[in-house]
Amino acid sequence: MEETKKLCGAIPSLVIQIEASLDQINTIRSLVQALPDPSNEIASISQGISDLKIAASNQESRYDDSDRKEMLSWLSPLSLEARQQQLFEVHQRGTGEWLLHHETFQKWKSTRGSSLWCSGIPGAGKTIMASFVVNTLRLDAEAAPVAFVYADYKDHLQQSSVNLLSAITRQLAMQNPAIMEAAFSQYRKRLADNYSASSLTFAEYFGLLQHVSAKIDRIFVIVDAVDEIPETVENRDTNVRYELLHTLTQLDCVSLLCTSRPHVDASLYIPTFSTLTIEAKDEDVRNFLEETLSTSRRLKSIFSHDTSLKEEVVAKIIQKASGMFLMARLQAEEVKTALSVRQVRMLLGKLSGRLADVYKKTMDRISDQPGVEGKLGLRALSWVAYVKRPLTVSEFVHALSLETDDDTLDETSLIDIPIILGTCGGLL
């Protein structure tokens, strides 16, 4: 009974507490109701996301992968991206920075429609430098489209100006929507007129680029080894070199950089241009040599017996290299054959500054290799020297792995590419 009386006495205070809680709930409800309804904003955001997805889907469906690949293949038979990657992998980190900071290069880079002619002796590293420039321009925060040509006199596809200009157009189309749209327009038109799309003429490639040039602020075009682009081709009156370079300079948006051996006169092909000399700077050769020598286990062991010897080797090769990476590489390969501190110093004393002498020593060293290595090295050089067109790595490996009596070739017969290159004395 007492407990019941206590409960009954507590009821009034509980009622007061409940009423106070209800008042608080009503206050909170009023505040919440006063807030703007978020469902409208959420709906608006959802609609925006949906619109973006639709737009992206429409853009992708506009040029699906198969259409894009077919159009690019039609636009040009030349795809040079693999060559760019291959060359840039050879570039030694830290070398070539002087070019990027050179006042003449900086002015060319910042001036729309300018031309820069970079000449250098054989072996100076012009092609590797060109790949370095291409990669640097691509990484620029305000990157403009970058196209490139690595000329090779052995590649029959590069013996015509139309093929070279088509390769440039293909690269630019892959980077710029306006050029891609113009290319697709031409492609569809050709398909409508014919069962299969016929190729564009040189004038039509130029017209396509000229049409979109007003919509593009800048385009960078790098043409390496101009001296390997033919001036004349059999059964044709056109000067391939002149037609390509002169045409590129007619496009106001194109900033053109060319590399060449010194004997080519740039004024025959380009109306106005700046010049730079490409050479292996001592600091670049030093960086290259220190990296190259550090990869030799034999030299590491020899240098551990004489801490000053490595610097002697680097200094001597730099002195003899005469501004040529090629010379430095071949001389480094010769030094790697030494078996002792004494032999290293003997080889340093016999290093020649004449490229012909270095070539002869290298060929002797290749042919003197024991067992099958000498034959493999000479065969590899023969394939490169006499091949009618550049080989892929796979083709090169298969050619050298095939024996005279082989009817078939399985995977177990293939020679690893590092082994092949190791027998070539640094020439490949």
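Quick summary incoming for the structure in this document. All figures in this text were calculated on a predicted structure; none of them were measured in a lab.

Quick look at the sheet that holds strand E2 (residues 146-150)
Next, step 1: Pairing within the open sheet is parallel, and its 5 strands lie in the order E2-E3-E4-E1-E5. A strand with exactly one partner marks an edge of an open sheet, and here the two such strands are E2 and strand E5 (274-277). Looking at each pair of strands side by side, their axes are set apart by 15° on average, direction ignored.
Next, step 2: Packing of helix H8 (residues 161-175) onto the sheet brings it into contact with E2 and strand E3 (219-224), and relative to E2 it is tilted by some 150°.

Regarding the pairing of strand E1 (residues 115-119)
Next, step 1: Buried residues dominate E1, accounting for 5 of its 5 residues.
Next, step 2: Every second residue of E1 is oriented toward a common face, with Ser 115, Trp 117 and Ser 119 on one face and Leu 116 and Cys 118 on the other, all of them buried.
Next, step 3: Note: E1 against strand E4 (residues 254-260), 5 bridges, orientation parallel. Of the residues in E4, the one forming a bridge with Ser 119 is Ser 260.
Next, step 4: Pairing geometry for E1 and E5, over 4 bridges, is parallel. Across the sheet, residue Cys 118 finds its bridge partner in E5, namely Leu 276.

A few points about the packing of aromatic side chains
Next, step 1: For the coordinates displayed, the defined rule picks out 6 aromatic pairs.
Next, step 2: Considering the side-chain rings of Trp 108 and Phe 220, the 5.4 Å spacing of their centres and the 55° angle between planes classify their relative orientation as tilted. Here Phe 220 lies in strand E3 and Trp 108 lies in helix H6 (residues 103-110), a separation of 112 residues in the sequence.
Next, step 3: Across the ring face of Trp 98, the terminal group of Lys 281 is positioned such that the distance to the ring centre comes to 4.7 Å.

Some details on the pattern of salt bridges
Next, step 1: Counted under the stated rule, the structure contains 12 salt bridges.
Next, step 2: Linking Arg 138 and Glu 81 is a salt bridge whose minimum nitrogen-to-oxygen distance equals 2.6 Å. Of the two residues, Arg 138 sits in helix H7 (residues 126-139) while Glu 81 sits in helix H4 (residues 81-90), which places them 57 residues apart along the sequence.
Next, step 3: For Arg 138, a relative accessible area of 31% translates into the label partly exposed.
Next, step 4: Under the relative-accessibility criterion, Glu 81 is labelled partly exposed at 29%.
Next, step 5: Across the pair Arg 286 and Glu 311 runs a salt bridge whose closest N-O atoms are separated by 2.9 Å. Of this pair, Arg 286 sits in helix H12 (residues 282-294) while Glu 311 is found in helix H14 (residues 309-321), placing the two residues 25 residues apart along the sequence.
Next, step 6: Through salt bridges with shared partners, one network takes in Arg 286, Glu 290 and Glu 311.

Thresholds, definitions, all that
- Residues numbered from 1 in each chain as written.
- Predicted model: local features only at pLDDT ≥ 70, side-chain atom pairs only at ≥ 80, totals over all residues.
- Heavy atoms only, no water.
- Pairing = 2+ DSSP bridges.
- Helix = DSSP H or I, 4+ residues; strand = E, 2+ residues; numbered from the N terminus.
- Axes fitted to C-alpha atoms, helices over the stretch in contact; angles between N-to-C directions.
- Contact = heavy atoms within 4.5 Å.
- Buried < 20%, exposed > 50% of the residue type's maximum accessible area, 1.4 Å probe, protein only.
- Phe/Tyr/Trp six-rings, centres within 6.5 Å; stacked < 30°, edge-to-face > 60°.
- Lys NZ or Arg CZ within 6 Å of the ring centre and 35° of its normal.
- Salt bridge = Lys/Arg side-chain N within 4 Å of Asp/Glu carboxyl O.

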